[in-house]
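Secondary and tertiary structure notes
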Amino acid sequence: MAEDIRQDNRANFSAITDHNTNGMARNSSVASGKTGASKKLVIKNFKDRPKLAENYTEDTWLKLRDAVGAIQNSTSIKYNLEELYQAVENLCSYKVSPTLYKQLRQVCEDHVQAQIHQFREESLDNLSFLKRMNRCWQDHCRQTIMIRSIFLFLDRTYVLQNSLLPSIWDTGLELFRIHIVNDSAVQKRTVDGILEQIELERNGETVDRSLLRSLLGMLSDLQVYKDSFEERFLIETNRLYAAEGQRLMQERDVTEYLHHVAHRLEEENDRIVSYVDQSTQKPLISCVEKQLLGEHMTSILQKGLNTLLDENRVTELALLYQLFSKVKGGLPTLLQFWRDYIKSFGGEIVCTPEKDKDMVQDLLDFKDKMDNVAQSCFARNEGFINAMKEAFETFINKRPNKLIAKYVDSKLRAGNKEATEEELERILDKIMIIFRFIHGKDVFEAFYKKDLAKRLLVGKSASVDAEKSMLSKLKHECGAAFTSKLEGMFKDMELSKDIMIQFKQYMQNQSEPSNIELTVNILTMGYWPSYTPMEVHLPTEMVKLQEVFKLFYLGKHSGRKLQWQPTLGHAVLKAEFKEGKKELQVSLFQTLVLLMFNEEEEFSMEEIRTATGIEEGELRRTLQSLACGKARVLNKNPRGKDVEDGDRFSFNNDFRHKLFRIKINQIQMKETVEEQVSTTERVFQDRQYQIDAAVVRIMKMRKTLSHNLLVSELYNQLKFPVKPGDLKKRIESLIDRDYMERDKETPNQYHYVA
C-alpha cells in the first residue's frame, strides 16, 4: 500500500515540473487536481490612457477661477468644494500643474493689486486707516486659507516637489507684502499709526491692544517687522525716555523717580507680552534702562543715596539695587558711592571729639544699620560686604583705639545697670566686630589693660564672668600671646586673695595686733601697666604694718622685691561729726590729708603738701574732692570750686549725710595728653622690639636677603601697621649693633652676622 502512494506522488510531482513552463498558465492544471484551491487574479493597466474631454482643462479652470473670485468677493460658491478639489486633482494628474499654479498666482495677484486703492484715501484718520488695514489683512488671510484648501492637491504635489516655488500660503503673504505693505506710503502710514497708538498708551490713554497685536503680527508674518517697525519704534522710545528722564530728574525726588522707572519697566514688559514681538524685548528694555537709569546713575546717587541711607529707607534701597543691577556699570557705581558714604559718615563719628562719649555706641549702631542694608537691600552681595569692611577699616584706624577700650571699660564696670548678662554678652560680640577692623591691636591692648587694672584693683568689675568672656573673645581673635598678660592679671588677683588669708592668720599670731586691717594686692610687674612710683609720707602705724607684711611675704618668697604703689591705695576711715559717726571710703591720698585734722583744726595747702609729700597736682585734686565736691568733709577758705595756693582748709564738723558709709570719689583727672602719649610710646617701644626680633629671626633663617624681600617678609609676619621708613630705621639700628651687615658690593643686600 505504501509503495502505491509513493508512485502516485512521483507522478504528480513530475507533472508539475514538466508542465509548469510559464508559471501562470499552468497553475490551473495543478489546481484542477485539488478541488477547492484558490485562484490567482492578475490586474493589468489599460493599454491606452483615457483622454480628457476636449475643453476639460479650460472649463475646469473657469470653474476654479469663479470659485476663487467668489471667495475673494465674499460671495457664495456655485460649486461643491469636494467637486472643486477633485477638479484640481484631475488637472494635476494630467500635468497641467505648472499652468494651474501660474494662473492661480495671477488671479490672486490681480485681486491684491486692486486692494491698494482703498488705502489711498487721504481723509482717513490714523486709527481708521489701521482698522481698514487690519480688516484687509484678516480678509486676505481667511481667503488665502480657503483658496489653499481647494488647491491643496496642487500645494502638496507640484509645489512640494519644486523647492524654488513658494507654497500657496507663502504666495499669498508674498503678494500682500509686495503690493500692499511694501508700498512706501501705506507702510509709512501704518507704522506711524501704530507708533501713535503706543505713544498714547504710554501717556496713560486706553488703546485697542488686539488691533495693535494683529497689525504687528502682520508685519512679523510678512518679515518686514524689524526693518519697517522695530527700528523706528526703538528710536521713538529712545527719544521719549531721554526727554522724560531729563525732565523728571529735575522735578522729582529720587524715591519718586525710582518708583517711576520701575513702573515704566513694568509697562514695557507688559507691552511685550500683549502685542510687541518677543524679539524686541531685549533692545526695548535696554533702551528704557539706559535712558532712565544709565544716563542718570551719578545724579541719582548724588541726589538721593545719602538721604536713603540716613533715613534707612530699606524698600527704596532694595529697589535702587534691583534697578542698578540691570544697567551696565550700575552696581560698580553704586558700590563706590556706598563705600564713600560709609567712609564719610563713619569718619564724621570718629573724627568729632565732641562725640567721643557716644562714639563706639554710634559706630555699633551704624555697623548694624549698614549690615542690615547689605543683607536685606543689596542681596548679600559679597562686593558690597567687602567694601563695607574696607570702609570701616579706613575710618576706624584714623583715631586712637583707646576709645573702643574705654567703651568696653564703661560696659564692664560695676554700676552699669543698663544691660543684663545676655545683653552685655551681645554688646561684647558687637564690640569684637569693630575690634576686627583695628590695625594696631597692641594700642587697644595697652589701654584695655590700664582700664582692666583699675576695675580689678578697685573691685569695680561688673561681673567676673563678663570679664573672662571678653578675655576669651580677645584670645580667640588674636591668639594666646595677646591675652597672656591680661590672664596674668586675673591670676594675680586670685593669688592675692590666698596670700591675704594666710596674712590674717599670721597677724593673729603676732604679739602686738594692729588696729588697722591691711589688704594687699600683689601685682606681677610684667603683667600690669607701669605706674609712676610716688613717695608719700605715711603715718607710723601704716609704715609699721607695711614692714610686717614685707617680712611675712619675703619670708615665703625669698629673692622677690616689693614696690608699694600709693596711687592705687584706698582706705575706710571712721569719722565723728556733730550728726554722729560716719565711715568714709576714700583714696590713700585723701586718707593722708584727713588724718592730719586729728592733730590740728586748720592747715594751709602748703602745710598739707609738706606733711603728706603728695605731688602738687594730685594734692589739688585731692583737696578739691574733700572740700568742693558733693561730700564736703573739709571747709575751704576762701570758698570756690578750684584750689589755689593761699587757700586754707579746716575740718567740717557740721557735715551731714543720710548714709552711714560715704564714698568720696577722687576728682578724676582726665587722662592727660602726656599720659596718652606715654601709653602710645610704650606701645611703639614694644613694636620696635617686635620688629627687631622679626628681622633677626628672618635673617638667621635666610642668612642673606635683599632689602625688598626682607621688608616683604616683615609685612607678612608683623601684626600691626608699620611704615617702610620705620622698618628701615630698625634695620639700620641692627646693622649698627652688629646683628647684620650690608653686602660690600651690593648695598641693597644684607648678611646675617652670627
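Residues numbered from 1 in each chain as written. Predicted model: local features only at pLDDT ≥ 70, side-chain atom pairs only at ≥ 80, totals over all residues. Heavy atoms only, no water.

So, on to the sheet that holds strand 7 (residues 704-706). Here 3 strands make up an open sheet; going across it, the order is 7-9-8 and the pairing antiparallel. Single-partner strands in this sheet number two, and they are strand 7 and strand 8 (740-742). Across the sheet, the mean angle separating the axes of adjacent strands is 25° when strand polarity is ignored. The pairing of strand 8 with strand 9 (residues 749-752) spans 3 bridges and is antiparallel. (Pairing = 2+ DSSP bridges. Helix = DSSP H or I, 4+ residues; strand = E, 2+ residues; numbered from the N terminus. Axes fitted to C-alpha atoms, helices over the stretch in contact; angles between N-to-C directions.)

On to the environment of Phe-437, then. With respect to the helices and strands, Phe-437 occurs in the loop between helix 21 (421-436) and helix 22 (441-457). A C-alpha to C-alpha distance of 7.0 Å links Phe-437 and Ile-396, two positions 41 residues apart in sequence. Aside from chain neighbours lying at most four places away, what touches Phe-437 is Lys-367, Lys-389, Phe-392, Glu-393, Ile-396 and Asn-397. (Contact = heavy atoms within 4.5 Å.)

With that settled, consider the nonpolar core. Ranked by internal contacts, the top residues of the largest apolar core, which has 144 residues, are Phe-151, Phe-229, Leu-320, Trp-338, Ile-342 and Tyr-448. Residues Leu-573, Met-596, Cys-628 and Val-633 belong to the second largest nonpolar core, which totals 30 residues. (Core = buried A, V, L, I, M, F, W, Y, C linked by side-chain atoms within 4.5 Å. Buried < 20%, exposed > 50% of the residue type's maximum accessible area, 1.4 Å probe, protein only.)

Once rolled over the atoms, a probe with the size of a water molecule shows which space is left empty. In total, this model carries 3 cavities of 30 Å³ or more according to the counting rule given. By volume, the largest cavity amounts to about 140 Å³. Cys-108, Thr-144, Ile-147, Ile-168 and Gly-172 are, among the 14 residues lining the largest cavity, the residues nearest its centre. Sorting the residues of the lining of the largest cavity by element identifies helix 5 (97-115), helix 6 (126-150) and helix 9 (168-181) as the ones contributing at least two each. It is helix 5 that contributes the most residues to the lining of the largest cavity, 6 residues altogether. Residue classes in the lining of the largest cavity are distributed as 6 nonpolar, 7 polar and 1 charged. (1 Å grid on protein atoms, 1.4 Å probe; cavity = no way out; pocket = protein on both sides within 12 Å on 5 of 7 lines; lining within 4 Å. Points joined across faces, edges and corners; volume = space filled by probe spheres on them. Nonpolar A, V, L, I, M, F, W, Y, C, P; charged D, E, K, R; others polar.)

Let us now look at the pairing of strand 1 (residues 570-577). Every other side chain in a regular strand lies on the same face of the sheet, so the side chains alternate between the two faces. Only one face of strand 1 is buried, namely the one carrying Ala-571, Leu-573, Ala-575 and Phe-577, since none of His-570, Val-572, Lys-574 and Glu-576 on the opposite face is buried. Relative to strand 2 (residues 580-587), strand 1 runs antiparallel, the two being bridged by 8 bridges. Bridge assignment links Glu-576 to a residue of strand 2, and that residue is Lys-581. Counting the residues between successive antiparallel strands, the hairpin from strand 1 to strand 2 contains 2 residues.

Our focus in this paragraph is the sheet that holds strand 6 (residues 661-663). Spatially, 1-2-6 is the arrangement adopted by the 3 strands of the open sheet, whose pairing is mixed. Edge positions in the open sheet fall to strand 1 and strand 6, since each of these has one partner strand only. Here the average twist between neighbouring strands, direction ignored, is 25°. The pairing of strand 2 with strand 6 spans 3 bridges and is parallel. Note on strand 6: the bridge partner recorded for Leu-584 is Ile-662. Packed onto the sheet, helix 26 (residues 588-596) meets strand 1 and strand 2 and runs at close to 135° relative to strand 2.

This part covers helix 26. Within helix 26, 8 of the 9 residues are buried, which leaves it mostly tucked inside the rest of the structure. By the burial criterion, the buried members of helix 26 are Leu-588, Phe-589, Gln-590, Thr-591, Leu-592, Val-593, Leu-594 and Met-596.

Between its terminal C-alpha atoms helix 28 (residues 616-627) stretches 16 Å, which fits the 16 Å expected from 12 residues at 1.5 Å a residue. Burial runs high along helix 28: 9 of the 12 residues are buried. Among all positions of helix 28, only Glu-618, Leu-619, Arg-621, Thr-622, Leu-623, Gln-624, Ser-625, Leu-626 and Ala-627 are buried. Looking at the buried side of helix 28, the elements it contacts are helix 26, helix 27 (605-612), strand 4 (634-637) and strand 5 (648-651). Taking the backbone nitrogen of Gly-617 as reference, a side-chain oxygen 3.0 Å away marks Glu-615 as the first, capping residue of helix 28. (Expected span 1.5 Å × (residues − 1). Polar contact = N/O pair within 3.5 Å; in protein donor to acceptor, adjacent residues only side chain to side chain.)

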